[in-house]
Amino acid sequence: MENYVLDWLGLLFRWLHLITGVAWIGASFYFMWLDNSLEEPPPWKRNKGIKGDLWAIHGGGIYEVAKYRLAPEAMPATLHWFKWEAYSTWLTGMVLLTLIYYLGAESYLIDPRVAELSPALAVGLGLTFIVGSYVAYELLCASPLARHPLWIAAVLAMAAAFLAWWLSRVFSGRGAYIHFGAIIGTLMVGNVFRVIMPAQRSLVSAIARGEAPDPAPAVKAKLHSTHNTYLTLPLLFIMISSHYPMTYAHPRNWLVLLALVVITAVARHYFVLRHRQVNRPWIVAGCGLATLLLAIAIAPAHLRSAGTADTATPEDALADEGWHIVRTHCTGCHARAPTDESFTRAPAGVMLDTPADVRQWSDRIRSQAIDTHNMPFMNSTGMTATERERLAQWLAAGAPAPG
Ligand code: HEC
């Protein structure tokens, strides 16, 4: 019953998180596009203080958008702000983190092969990482270093590397990745809440008072919004990373995470440049190549060596052994009636009650238990390397049923 309710809550908040996230990132992409598509306005608009304008068609109507250099003659009665998208993405994300990784800490956050934490300690550590990283980031941005955007970027990059390594020493692979993502998300929303919104408020109130706006909040907001720009694509990768155990279940998962964060941030740089009318397609090509090299570097050993050495086993013995391995290591969870305490319904709908079921799922089994060691989940059943090899041979033979 409890699991069933949690699953529904998980579904609801994942859905809300997706909607709010799309609205947030979508709006920020849209405004970036607007800024970079503005054209020189006609003189009558320029005289009104308009810096650039553009025309667009969408949903059956034509839109005229104009951006003021500073402000219109009078403040409009309704000025639309964009902030709730960011706040609600963070709030739904934190609820989701709690539902999946904190209430399910024993399943998803703690990996006894990494560290034997109690659920309370794991959750406490997770929250400390998030709050601590945010405070450290704020202190750094308030320090004299903030006057040198490149230095601060270098310090942040080193801190991120250390953080990824540290998280991977404490949590399960996906727990480490999701915390890295939650920290990025928290910094980004914190930037909106603590820096970007106050700068906008100060601009609006200066204009309303008819005074020249103070440039300091705008300069600070610029630094923080640059950070947000570069963090967007890495964050989106981390949001979907839990589907890809070849990344988070790799023995050096923190390095894989850093590589993907760098690649996605550099890909973002391509768009930043393009928005400045600089087109450097080789940056995108470089990112593609780097991803390919990463995929090769972390490929499972047996994919890199040509063919698996086939130690001939009589067919009957292999069938018995393969089927026995699945019964020992998989069907506790993956069955029509699982016996596992936490997973009372077959996870991901994968049921392995018969050798025919195994044949149906053979590719996914290979991906989860042989190419990566993502299954058995957290290796709760203690599957050995030899057993994985035998399982691979049995699958390669077409998973024949025992005699
Ligand atoms: C302790 C419970 C448990 C055991 C034992 C277990 N699994 Fe899983 N399995 C899970 C969970 C939980 C998921 C869902 C994973 C997720 O959320 O990413 C899953 C998902 C899967 C998937 C679907 C994932 C995909 O992307 O296709 C496959 C295939 C799979 N397991 C195979 C296996 C095999 C093979 C074994 C035995 C070698 C095994 N599992 C043992 C819990 C378990």
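Residues numbered from 1 in each chain as written. Predicted model: local features only at pLDDT ≥ 70, side-chain atom pairs only at ≥ 80, totals over all residues. Heavy atoms only, no water.

**Section: the overall build of the chain**
Reasoning step 1: In terms of helices and strands, the chain carries 16 helices and two strands.
Reasoning step 2: Each of the three principal axes of the chain carries a C-alpha extent, and together these read 90 × 45 × 45 Å.
Reasoning step 3: Looking at the chain residue by residue over its 403 residues, the buried ones come to 39%.
Reasoning step 4: Accessible surface computed for the chain: about 22800 Å², of which carbon and sulfur atoms make up 66%.
Reasoning step 5: With 31 positive and 28 negative side-chain charges, the chain shows a spacing of 12 Å between the two charge centroids. (Helix = DSSP H or I, 4+ residues; strand = E, 2+ residues; numbered from the N terminus. Buried < 20%, exposed > 50% of the residue type's maximum accessible area, 1.4 Å probe, protein only. Areas by Shrake-Rupley, 256 points an atom, 1.4 Å probe, with all protein chains shown as cover. Lys, Arg positive; Asp, Glu negative; His and termini not counted. Charge placed at Lys NZ, Arg CZ, Asp CG, Glu CD.)

**Comments concerning the pairing of strand β2 (residues 61-68)**
Along a regular strand, successive side chains alternate from one face of the sheet to the other.
Reasoning step 1: Across eight bridges, strand β1 (residues 50-58) lies against β2 in antiparallel orientation. Bridge pairing in β2 links Ile50 to Tyr68.
Reasoning step 2: Taken together, β1 and the strand that follows it, β2, pair antiparallel across an intervening segment of two residues, in which Gly59 is found at a positive phi of about 55 degrees. (Pairing = 2+ DSSP bridges.)

**Quick notes on the site of the ligand**
Reasoning step 1: In the region of the ligand, 18 residues are neighbours, and Cys330, Cys333, His334, Arg364 and Met375 sit closest.
Reasoning step 2: Residue Arg364 places a side-chain N or O atom 2.7 Å away from an oxygen atom belonging to the ligand.
Reasoning step 3: The element contributing the most residues to the shell around the ligand is helix α15 (residues 362-371), with three residues. (Near = heavy atom within 4 Å. Polar contact = N/O pair within 3.5 Å; in protein donor to acceptor, adjacent residues only side chain to side chain.)

**What about the packing of aromatic side chains?**
Reasoning step 1: All chains considered together, the criterion is met by 16 aromatic pairs.
Reasoning step 2: With 6.1 Å between their ring centres and 65 degrees between their planes, Phe129 and Phe171 make a pair best called edge-to-face. Of this pair, Phe129 sits in helix α5 (residues 119-142) while Phe171 sits in the loop between α6 (149-170) and α7 (173-209), and the two are 42 residues apart along the sequence. Across the pair, Phe171 and Phe129 agree in class, each one buried. (Phe/Tyr/Trp six-rings, centres within 6.5 Å; stacked < 30°, edge-to-face > 60°.)

**A look at the coordination of the iron atom of the ligand**
Each pair of donors in an ideal four-coordinate tetrahedral metal site encloses 109.5 degrees, whereas pairs in an ideal six-coordinate octahedral site enclose 90 or 180 degrees.
Reasoning step 1: Surrounding the iron atom of the ligand are the protein donor atoms His334 (NE2) and Met375 (SD), at 2.0 to 2.2 Å.
Reasoning step 2: One can describe the site at the iron atom of the ligand as octahedral: its six donor atoms subtend angles covering 87 to 179 degrees at the metal. Here Met375 lies in the loop between α15 and α16 (385-396) and His334 lies in the loop between α13 (315-329) and α14 (355-360), a separation of 41 residues in the sequence.
Reasoning step 3: Of the residues examined, Met375 reaches a relative accessible area of 22% and is grouped as partly exposed. (Donors = N, O, S within 2.8 Å, 3.2 Å for Na, K, Ca; no water. Tetrahedral: all angles 85-135°; square planar, octahedral: opposite > 155°, others 65-115°.)

**Considering the domain arrangement of the chain**
In many analyses, interface size is given as the accessible surface area lost on bringing the parts together.
Reasoning step 1: Per the domain assignment, the segments making up the chain are domain 1 (81-297) and domain 2 (315-396).
Reasoning step 2: Relative placement of domain 1 and domain 2: their C-alpha centres are 36 Å apart.
Reasoning step 3: When the buried surface of domain 1 facing domain 2 is broken down by residue, Ser107, Arg113 and Pro245 rank first, second and third, together holding 56% of it.
Reasoning step 4: At the boundary of domain 1 with domain 2, the tally comes to zero salt bridges.
Reasoning step 5: Within the residue set of the side of domain 1 that touches domain 2, elements represented by two or more residues are α4 (105-109) and α9 (245-248).
Reasoning step 6: Element by element, the count of residues in the side of domain 1 that touches domain 2 is highest for α9, at three residues. (Domains from an automatic or database assignment. Buried area = accessible area lost by both parts, 1.4 Å probe. Salt bridge = Lys/Arg side-chain N within 4 Å of Asp/Glu carboxyl O.)

**Brief notes about the pattern of salt bridges**
Reasoning step 1: If you walk through the whole model with that rule in mind, you get 12 salt bridges.
Reasoning step 2: By sharing partners, the salt bridges in this structure join Lys45, Asp53 and Glu64 into a single network.

**Things to note about the environment of Pro376**
Reasoning step 1: Topologically, Pro376 is positioned in the loop between α15 and α16.
Reasoning step 2: Note on Pro376: relative accessible area 6%, which makes it buried.
Reasoning step 3: For the pair formed by Pro376 and Thr331, sequence separation is 45 residues and the distance between their alpha carbons is 9.8 Å.
Reasoning step 4: Leaving out residues up to four positions away in the same chain, Pro376 has contacts with His329, Thr381, Met383 and Arg388. (Contact = heavy atoms within 4.5 Å.)

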